Amino acid sequence: MNIRCIIVIDKAKITIVRIAPFRFHILMVSASLTITIAILPCNDLSAQLVETQCEVAYDGIDLKSKKLTFELKPTTLFHYTPREIRNEVGDVGLLHCSGQLQQIEESVFLNLNIEIFSKLAPQMYGQIKKGHLFRITLIDGRQIDLRCIGGSDGENFVERNSFIYPIRFNLEKGARRALSRMEVDKVGIQWTSGFEEYPIFEVDFFMNQIACLKEKGRKPN
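Keep in mind it's a predicted model, so treat the numbers as computed, not measured.

K.L.:
Explain the packing of aromatic side chains residue by residue, including any values.
P.N.:
Counted by the stated rule, this structure contains six aromatic pairs. Centre to centre, the rings of F78 and Y198 are 4.8 Å apart; their planes meet at 15°, and the pair counts as stacked. In this pair, F78 sits in strand β7 (residues 75-80) while Y198 sits in strand β15 (residues 194-199), placing the two residues 120 residues apart along the sequence. The pair formed by F78 and Y198 is uniform in burial state, with each residue classed as buried.

If you want it as structure tokens, here you go:
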């Protein structure tokens, strides 16, 4: 699938509009009216931007596990608010998910933090259990299924009026290879209340994180 990007450059920031069949993904929005437009292959663009997008959170020996650990700074994967409650929750939204790749010795993990801005989160969603499904759907329709290795009942943050669910997955070599080559369309999460899918607008989240792991980290198996 030949995906290209329109690059809009002005004094304030860069706007990237990723073009795929029947879809437009706006990754950054610019407010300036004075712009320059260029069209580049998205893969070439990702390679050019990887240096500025890579932020390392930790690189060294983990004090608790005593193992060599490398992890990237968490970045946003998606936001989600059901249409029927958008007026109630306002600009904060209902559900935010950020993620990071972490390498421990030769193994690579995907760590997600799902924050639900509602005191009713346990009643609405329940928990995420060990073995629950995390399904990644690529824009070409292929699906990658991961199983949770560290579930969560949710931790109540009263000052934020939210519950945070930290969850963890093994990210094997085959999954990393597929995710490094294709943008993501949506993800699905299995809660104890049921399975729910979320559209992704940070479509190159995995491409960027995996590129950063290769660029800044150690070569995993």
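K.L.:
Quick rundown of a positive patch on the surface? Include the residues and the values.
P.N.:
A cluster of like positive charges, contributed by K173, R177, R181 and K214, occupies part of the molecular surface. Of note, K214 is situated in helix α5 (residues 205-216).

K.L.:
Break down the nonpolar core for me, citing the residues and quoting the values.
P.N.:
Of all hydrophobic cores here, the largest spans 46 residues; its most connected members are F78, L95, I114, F134, I136 and W191. If near-sequence neighbours (up to four positions away) are discounted, I136 is found in contact with R142, Q143, I144, L146, L179, V184, K186, V187 and F206.

K.L.:
Describe α5, listing the residues and the values that go with them.
P.N.:
Taking 1.5 Å of rise per residue, the 12 residues of α5 would be expected to cover 16 Å, and the 16 Å separating its terminal C-alpha atoms lies within 8% of that figure. Regarding α5, the residues found buried are F205, F206, M207, N208, Q209, I210, C212 and L213.

K.L.:
Account for the environment of N111, naming residues and giving values.
P.N.:
Along the polypeptide, N111 turns up in strand β9 (residues 107-116). The buried category is assigned to N111, whose relative accessible area is 13%. Here the alpha-carbon distance between N111 and P74, two residues 37 residues apart in the chain, equals 8.6 Å. Look past the residues within four positions of N111 in its chain and what remains in contact with it is S98, G99, Q100, Q102, I167 and R168. At 3.4 Å, the side chain of N111 and the side chain of Q102 are in polar contact. Of note is the side chain of N111, whose polar atom sits 2.8 Å from the side chain of R168.

K.L.:
Can you tell me about the environment of G93, naming the residues and giving the values?
P.N.:
Tracing the chain through its elements places G93 in the loop between α2 (86-89) and β8 (95-104). Linking G93 and F117, residues 24 residues apart in sequence, is a C-alpha distance of 7.2 Å. With near-sequence residues (within four places) excluded, G93 lies in contact with T81 and F117.

K.L.:
Can you break down the pairing of strand β5 (residues 56-61) residue by residue, with the values?
P.N.:
Of the pairings in the sheet, the one linking β5 to strand β6 (residues 68-72) comprises five bridges and is antiparallel in character. Across the sheet, the residue bridging to G60 is T69, located in β6.

K.L.:
Describe the side chain of E115, and please don't skip the residues or the numbers.
P.N.:
Locating E115 in the fold gives a position in strand β9. A polar atom in the side chain of E115 sits 2.7 Å from the side chain of S162.

K.L.:
I'd like a description of the confidence of the model for the protein chain, backed by residues and values.
P.N.:
Chain-level pLDDT for the protein chain is 82 on average; 75% of the residues reach the 70-or-more range. Throughout residues 1-52 the model reports pLDDT below 50, and contacts reaching past four residues in sequence, or to other chains, amount to 96 contacts.

K.L.:
Help me get a handle on the state of the cysteines, residues and values and all.
P.N.:
In this structure the tally under the stated criterion is one disulfide. A sulfur-sulfur distance of 2.1 Å marks the disulfide that ties C54 to C212. Disulfide C54-C212: the torsion about the S-S bond is -100°, which places it as left-handed. In this pair, C54 is assigned in the loop between α1 (42-53) and β5 and C212 in helix α5, connecting sequence segments 158 residues apart. By relative accessible area, C54 is classed as buried at 11%. Look at C212 and you get buried, because its relative accessible area is 3%.

Thresholds, definitions, all that
Note that residues are indexed from 1 along each chain, following the sequence as it is written. Local features in this predicted model are restricted to residues of pLDDT 70 or higher, and side-chain atom pairs are both shown and tallied only at a pLDDT of 80 or more, whereas totals for entire chains, interfaces and linings draw on every residue. Note that the side-chain values use all heavy atoms of the structure and ignore hydrogens as well as water. Two aromatic rings, drawn from Phe, Tyr or Trp (for Trp, its six-membered ring), form a pair once their centres lie within 6.5 Å of each other, and the interplanar angle then sorts them: stacked below 30 degrees, edge-to-face above 60, tilted otherwise. Secondary structure elements are taken from DSSP: a helix is a run of H or I of four residues or more, a strand is a run of E of two residues or more, and numbering for both begins at the N terminus. Each residue's exposure class comes from its accessible area (1.4 Å probe, protein chains only) as a fraction of the maximum for that residue type: buried when under 20%, exposed when over 50%, partly exposed otherwise. A patch consists of residues exposed above 30% relative accessible area that lack any salt bridge, with like charges linked at up to 9 Å and nonpolar side chains (Val, Leu, Ile, Met, Phe, Trp, Tyr) linked at up to 5 Å. The protein chains shown are the only cover counted for residues, whose accessible areas, like all others here, come from Shrake-Rupley with a 1.4 Å probe. Just to be clear on terms, a salt bridge is a Lys or Arg side-chain nitrogen sitting within 4 Å of an Asp or Glu carboxyl oxygen. The charge count includes Lys and Arg as positive and Asp and Glu as negative, but it does not include His or the ends of the chains. By convention, the charge on Lys lies at NZ, on Arg at CZ, on Asp at CG and on Glu at CD. Think of a nonpolar core as a cluster: buried Ala, Val, Leu, Ile, Met, Phe, Trp, Tyr and Cys residues, connected wherever their side-chain atoms sit within 4.5 Å. By definition in these notes, contact holds between two residues if any of their heavy atoms fall within 4.5 Å. One fewer than the residue count of a helix, multiplied by 1.5 Å, yields its expected span. Counting of polar contacts relies on pairs of N or O atoms within 3.5 Å, with two restrictions inside protein: one atom must be capable of donating a hydrogen and the other of accepting it, and residues adjacent in sequence are counted only when both atoms are side-chain atoms. Between any two strands, pairing holds if DSSP finds at least two bridges. Note: pLDDT gives the predictor's confidence per residue, expressed from 0 to 100. When two cysteine sulfur atoms are found within 2.5 Å, that pair is recorded as a disulfide.

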